[in-house]
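What follows is each chain in one-letter form.
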Amino acid sequence: MLENREEELTTVRVQDPRVQNEGSWNSYVDYKIFLHTNSKAFTAKTSCVRRRYREFVWLRRQLQKNAGLVPVPELPGKSTFFVGSTDEFIEKRRQGLQQFLEKVVQNVVLLSDSRLHLFLQSQLSVPEIEACVQGQGSQTVTEAILHYAMSNCGWVQEEESRPALLPGGDLHGSCAGLGSPRGPSCLETFPYWSDFGMDDTHSDSPDEPAEPLGGRREMQ
């Protein structure tokens with residue numbers, strides 16, 4: 001008798017681009033990544049995080065380094081000579097980032113990389129991800145993902161309530177997770193795009209110093 005096995009499916013969506021630090025010299029755009037899956041490869045079956053383009057660049061570099069000869073999907077390009085409106089560029093980039101992740105999560109070799117799982121299912125920063133993977137953090141990879149999933153950061157509450165301040169000024173609510181300065185951003189009002197454009201003038205690597213902008217450097 002044939003065993004009836006449930007087909008494993010993974011849905012990943014890149015959506016809701018938002019300007020952070022609007023009006024300042026170090027403003028940038030980040031994107032919500034929503035993931036829902038029944039695959040045993042993932043620790044949490046549903047997750048919601050926010051990531052910026054330079055973090056995608058770091059992720060692809062790490063995946064390629066660890067995948068050997070396995071090709072890693074390409075990311076959408078930068079906007080230095082983009083012709084068109086800001087909205088058009090952001091939408092094109094959003095589509096490209098989604099296509100990148102859709103291909104990545106279907107590759108069994110890339111799915112074996114713990115950095116990918118922390119990128120998709122925790123709000124740890126790049127240095128925190130590296131420390132966790134190398135066993136230098138306070139939690140294992142699985143513990144970090146489960147902690148984020150269980151700390152009221154789920155996508156279900158994202159549109160239902162604004163985060164509340166806890167004692168000490170910490171935010172408790174949707175996507176407010178694990179010390180990330182961008183945690184509560186998924187609950188803010190969608191900003192006006194007039195000050196967009198600084199995201200691509202900076203270094204793509206989270207570990208490299210930012211390019212000078214008006215005589216200043218971006219704070220890391």
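Note that the structure is predicted; figures quoted are calculated from it, not measured.

A. Up close: the nonpolar core. Formed by 40 residues in total, the largest nonpolar core has its most connected members in Ile33, Phe56, Leu63, Phe100, Leu101, Leu118 and Leu120. Going through the elements one at a time, strand S1 (10-20), strand S2 (28-37), helix H1 (53-67), helix H2 (86-104), helix H3 (108-111), helix H4 (114-121), helix H5 (126-133) and helix H6 (141-150) are the ones with two or more residues in this core.

B. Quick peek at unusual backbone geometry. Even without glycine at this site, Asp16 takes up a positive phi of about 55 degrees. Counting through the fold element by element, Asp16 comes out in strand S1. You will see that Asn21, though not glycine, has its phi angle at about 55 degrees, which is positive. Here Asn21 lies in the loop between S1 and S2. When its relative accessible area of 42% is taken as the criterion, Asn21 is described as partly exposed.

C. Layout of the sheet that holds strand S3 (residues 46-52). In space, the three strands of this open sheet follow the order S1-S2-S3, with antiparallel pairing throughout. Where the open sheet ends on each side, the last strands, each with one partner, are S1 and S3. Here the average twist between neighbouring strands, direction ignored, is 20 degrees. As defined by bridge partners, S2 adjoins S3 across seven bridges and the pair is classed as antiparallel. Note that in S3 the partner of Ile33 across the bridge is Val49. Where H1 meets the sheet, it contacts S2 and S3, and its direction lies at approximately 105 degrees from that of S3.

D. The side chain of Ser122, seen in detail. Relative to the assigned elements, Ser122 resides in the loop between H4 and H5. For Ser122, a relative accessible area of 0% gives the class buried. A distance of 2.8 Å separates a polar atom in the side chain of Ser122 from the backbone oxygen of Leu118.

E. Spotlight on the packing of aromatic side chains. One pass over the full model with this rule turns up two aromatic pairs. A centroid spacing of 6.3 Å and a plane angle of 70 degrees characterise the contact between Phe56 and Phe100, whose relative ring orientation is edge-to-face. Of this pair, Phe56 sits in helix H1 while Phe100 is found in helix H2, placing the two residues 44 residues apart along the sequence. Aromatic pair Phe56 and Phe119: ring centres 5.1 Å apart, planes at 80 degrees, arrangement edge-to-face.

About the cut-offs
Residues numbered from 1 in each chain as written. Predicted model: local features only at pLDDT ≥ 70, side-chain atom pairs only at ≥ 80, totals over all residues. Heavy atoms only, no water. Core = buried A, V, L, I, M, F, W, Y, C linked by side-chain atoms within 4.5 Å. Buried < 20%, exposed > 50% of the residue type's maximum accessible area, 1.4 Å probe, protein only. Helix = DSSP H or I, 4+ residues; strand = E, 2+ residues; numbered from the N terminus. Pairing = 2+ DSSP bridges. Axes fitted to C-alpha atoms, helices over the stretch in contact; angles between N-to-C directions. Contact = heavy atoms within 4.5 Å. Polar contact = N/O pair within 3.5 Å; in protein donor to acceptor, adjacent residues only side chain to side chain. Phe/Tyr/Trp six-rings, centres within 6.5 Å; stacked < 30°, edge-to-face > 60°.

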